[in-house]
Amino acid sequence: MELFSTIIGTLSNWMYSYILIIMLLGVGLYFTFRGKLVQLRLLGESIRVVSEKPKDSNSVSAFQALMVSTASRVGTGNIVGVANAIAIGGYGAVFWMWITALVGGASAFVESTLAQIYKKKDPNGGSYGGPAYYIEAALHSRALGVIFAVLLIATYAGGFNMAASFNLIDSFTSYSFYNSSIPLIGGALLAILVGVCVFGGGKRIVKVTGVMVPIMGVIYILLSLVVVVLNIGQVPMVLGKIFSEAFNFRAIFGGFAGSALMQGIKRGLYSNEAGVGSAPNAAAAADVSHPVKQGLVQMLSVFIDTILICTATALMALCTGIVPSGDLKGASFVQASLSNVFGAIGPYFITFALLLFAFTTLLGNLYYCDGALNYIAGHTVSKTGKTVFNVAAILIVFIGAQLDFGLIWDTADVLMGFMAIVNLPVIVILGGTAMKALKDYTDQRAQGKDPVFKAASIGLREKTDFWN
């Protein structure tokens, strides 16, 4: 296990030092300029379209699709991931998380628009899709689609769900009652909770996350605002250090693996998943009149995740005067910060928030896996096959609670990195289709219309299930 942990850690550092930083920022900037700052120019429009209702009351709405993708994005990474980035990379890591979200918003827009364009009809009249489907439809490569689907399952049912489970249980280490049996008991209880919900089916996942995510996010942001207001005198110093340490290039190139740049991009990507190819699986399920609407909605989800919630964690922790370090990181760092303001109740709130964040992350992640399983099988997986997968996924939740910090995070980073390495070049190749759809959308909006999409209007040659 120690050897495996070393190999995974080395691979993670190599991927994020040389490949993914260039790919993530490069693709994000490419679509930022090609889309004429779409993530800022149409931010108001993205808020407007979230409230639109589907034509069929039984269909998944734009808002529900937003909540499923946000359930996966908004998770333990928004608390523990941010704390780790700051503890390892310093204050400047927060700046690079912001940059990852800002340029990544354009990538998120493109991948989710493509998922809508190439989505498939399900037998009940709804829709499904994602990168595996637009890879096969537009690039005519089922083999590459299967590879992506396998990576998605490994990342979300494996790496990310183990991380969510570990981060929740790790938050108990700061309490006096913690002992070696807590990971066993806590992991088992969490696995049982997930099992109860998952065996209710995908529709129940949509309903549960639709209720829990908004409440969870609003309460967390409100509390962070209270902490910031109570420590308002520290805000100028914190913001100053975020910007000054972000551009400390001597520190960046002196120890790149632990630099603000690398940690900010790693944890920013882990948190908002822009360009990874996960959110398009939720985007494809939405019933909208134009694919761009769901592209805008998923772009908004990136901002909710990183610009709002990750920033809330960073300011809440850094304004209290607690100094992060390699020893004080993760949930313990945020708990110590809140304890400095609210006393004993602070750590309990973080544990409760992590419980909600972990739970919705686990459910959102498994929802993504449904589509990937069906794609690999070439049909809807049988009840027996789905039951076997669900049992395995629940066991992985339990196992994740027993592993150690370094192995958990490096495994999640590596698996996520492989997904991005496949998805990012694909959306660059297919990006022209998304940009034509964007122009079609903005032209119709300029004419005062509620945009309606037809594949022929952008010269789309590939056959689509919905837009003909």
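Cut-offs and rules
- Residues numbered from 1 in each chain as written.
- Predicted model: local features only at pLDDT ≥ 70, side-chain atom pairs only at ≥ 80, totals over all residues.
- Heavy atoms only, no water.
- Helix = DSSP H or I, 4+ residues; strand = E, 2+ residues; numbered from the N terminus.
- Rg over C-alpha atoms; globule rule 2.2 N^0.38 Å.
- Buried < 20%, exposed > 50% of the residue type's maximum accessible area, 1.4 Å probe, protein only.
- Areas by Shrake-Rupley, 256 points an atom, 1.4 Å probe, with all protein chains shown as cover.
- Lys, Arg positive; Asp, Glu negative; His and termini not counted.
- Charge placed at Lys NZ, Arg CZ, Asp CG, Glu CD.
- Axes fitted to C-alpha atoms, helices over the stretch in contact; angles between N-to-C directions.
- Parallel < 35°, antiparallel > 145°, perpendicular 65-115°, else oblique.
- Left-handed = near helix turned anticlockwise from the far one by under 90°.
- Contact = heavy atoms within 4.5 Å.
- Nonpolar A, V, L, I, M, F, W, Y, C, P; charged D, E, K, R; others polar.
- Core = buried A, V, L, I, M, F, W, Y, C linked by side-chain atoms within 4.5 Å.
- Salt bridge = Lys/Arg side-chain N within 4 Å of Asp/Glu carboxyl O.
- Phe/Tyr/Trp six-rings, centres within 6.5 Å; stacked < 30°, edge-to-face > 60°.
- Lys NZ or Arg CZ within 6 Å of the ring centre and 35° of its normal.
- Polar contact = N/O pair within 3.5 Å; in protein donor to acceptor, adjacent residues only side chain to side chain.
- Patch = residues over 30% accessible without salt bridge, like charges linked within 9 Å, V, L, I, M, F, W, Y side chains within 5 Å.
- pLDDT = per-residue confidence, 0-100.

This part covers the overall build of the protein. If you tally the helices and strands in the protein, you get 19 helices and two strands. At 21 Å, the protein has a C-alpha radius of gyration in line with the 23 Å of a compact globule built from 468 residues. When the backbone C-alpha atoms are referred to their principal axes, the protein occupies close to 60 × 50 × 40 Å. By residue count, 59% of the 468 residues in the protein fall in the buried class. Entry remark: accessible area of the protein is about 18,000 Å², with carbon and sulfur atoms responsible for 67%. In the protein, 29 positive and 22 negative side-chain charges are present, and the distance between their average locations comes to 8 Å.

Orientation of helix 1 (residues 2-34) relative to helix 6 (residues 93-117), taken along the N-to-C sense of each, is 65 degrees, at an axis distance of 8 Å. Comparing the axis directions of helix 1 and helix 6 gives the class roughly perpendicular. The way helix 1 lies across helix 6 gives a crossing that is left-handed. On helix 6, the residues touching Leu-25, Val-27, Gly-28, Leu-29, Phe-31 and Thr-32 of helix 1 are Ile-99, Val-103, Ala-106, Ser-107 and Val-110. Its residues assigned to classes, the contact of helix 1 with helix 6 shows eight nonpolar, three polar and no charged.

What follows covers unusual backbone geometry. The phi angle at Leu-37 is positive, at roughly 60 degrees, despite the residue not being glycine. Residue placement: Leu-37 occurs in the loop between helix 1 and helix 2 (38-41). Its identity as a non-glycine residue notwithstanding, His-140 has a phi of 55 degrees, on the positive side. Relative to the helices and strands, His-140 resides in the loop between helix 7 (131-139) and helix 8 (142-170).

One finds Phe-109, Tyr-134, Tyr-220, Leu-296 and Ile-350 to be the most contacted residues of the largest nonpolar core, which totals 145 residues. In terms of residues, this core owes the most to one element, helix 17 (residues 345-377), which gives 17 residues. Once residues within four sequence positions are removed from consideration, Phe-109 is found in contact with Val-38, Val-292, Gly-295, Leu-296, Met-299, Met-435 and Leu-438.

Counted under the stated rule, the structure contains eight salt bridges. Here Glu-45 and Arg-48 are joined by a salt bridge, their closest N and O atoms 2.9 Å apart. Within this pair, Glu-45 and its partner Arg-48 are both found in helix 3 (residues 43-50), separated by three residues, close to a single helical turn. Taking relative accessible area as the criterion, Arg-48 reaches 32% and is therefore assigned partly exposed.

Here the focus is the packing of aromatic side chains. Applying the stated criterion to the full structure yields ten aromatic pairs. One aromatic cluster is present, formed by Phe-95, Trp-96, Trp-98 and Phe-243 through successive ring pairs. In this arrangement the basic side chain of Lys-119 is found over the ring face of Phe-466, its NZ or CZ atom lying 4.6 Å from the centre. Its end group placed over the ring of Phe-466, Lys-121 keeps NZ or CZ at 5.5 Å from the ring centre.

Before going further, it helps to spend a moment on the side chain of Glu-111. Mapped onto the fold, Glu-111 is located in helix 6. Judged by its relative accessible area of 0%, Glu-111 is buried. Here Gly-275 takes part through its backbone nitrogen, which lies 3.2 Å from a polar atom of the side chain of Glu-111. A polar contact of 2.9 Å, which involves the side chain of Glu-111, links it to the side chain of Asn-423. For Glu-111, the contacting residues outside a window of four places in its chain are Tyr-134, Glu-273, Ala-274, Gly-275, Val-276, Gly-277, Pro-280, Asn-423 and Ile-427.

Attention now goes to the side chain of Gln-39. Its place among the elements puts Gln-39 in helix 2. Look at Gln-39 and you get buried, because its relative accessible area is 2%. Within polar-contact distance, the side chain of Gln-39 engages the backbone oxygen of Leu-102 at 2.6 Å. If we skip the residues at most four places from it in the chain, Gln-39 touches Thr-32, Leu-102, Val-103, Gly-105, Ala-106, Met-299 and Phe-303.

Before going further, it helps to spend a moment on helix 5 (residues 80-89). Burial analysis of helix 5 places nine of its ten residues in the buried class, the great majority of the element. The set of residues buried in helix 5 consists of Val-80, Gly-81, Val-82, Ala-83, Asn-84, Ala-85, Ile-86, Ala-87 and Gly-89. A positive phi of about 90 degrees marks Gly-90, the residue just after helix 5.

A surface patch of nonpolar side chains, about 490 Å² in accessible area, is lined by Leu-184, Ile-185, Leu-189, Ile-192 and Val-196. For Ile-185, the position within the fold is in helix 9 (residues 182-198). Taking the relative accessible area as the measure of exposure, Ile-185 reaches 47% and is therefore partly exposed.

We now examine the packing of helix 7 against helix 17. At a minimum axis distance of 9 Å, the contact between helix 7 and helix 17 shows a crossing angle of 35 degrees. Contacts between helix 7 and helix 17 involve Ala-132, Tyr-133 and Glu-136 from the first element and Gly-371, Asn-374 and Tyr-375 from the second. Here the residues of the contact of helix 7 with helix 17 sort into three nonpolar, two polar and one charged.

The next thing to look at is the confidence of the model for the protein. With 90% of its residues at a pLDDT of 70 or more, the protein shows a mean pLDDT of 83. For the protein, helix 12 (residues 249-254) is the element with the lowest average pLDDT, namely 49, and helix 2 is the one with the highest, namely 92. Low pLDDT, under 50, characterises residues 251-257; the stretch is placed with twelve contacts to residues that sit more than four places away or in other chains.

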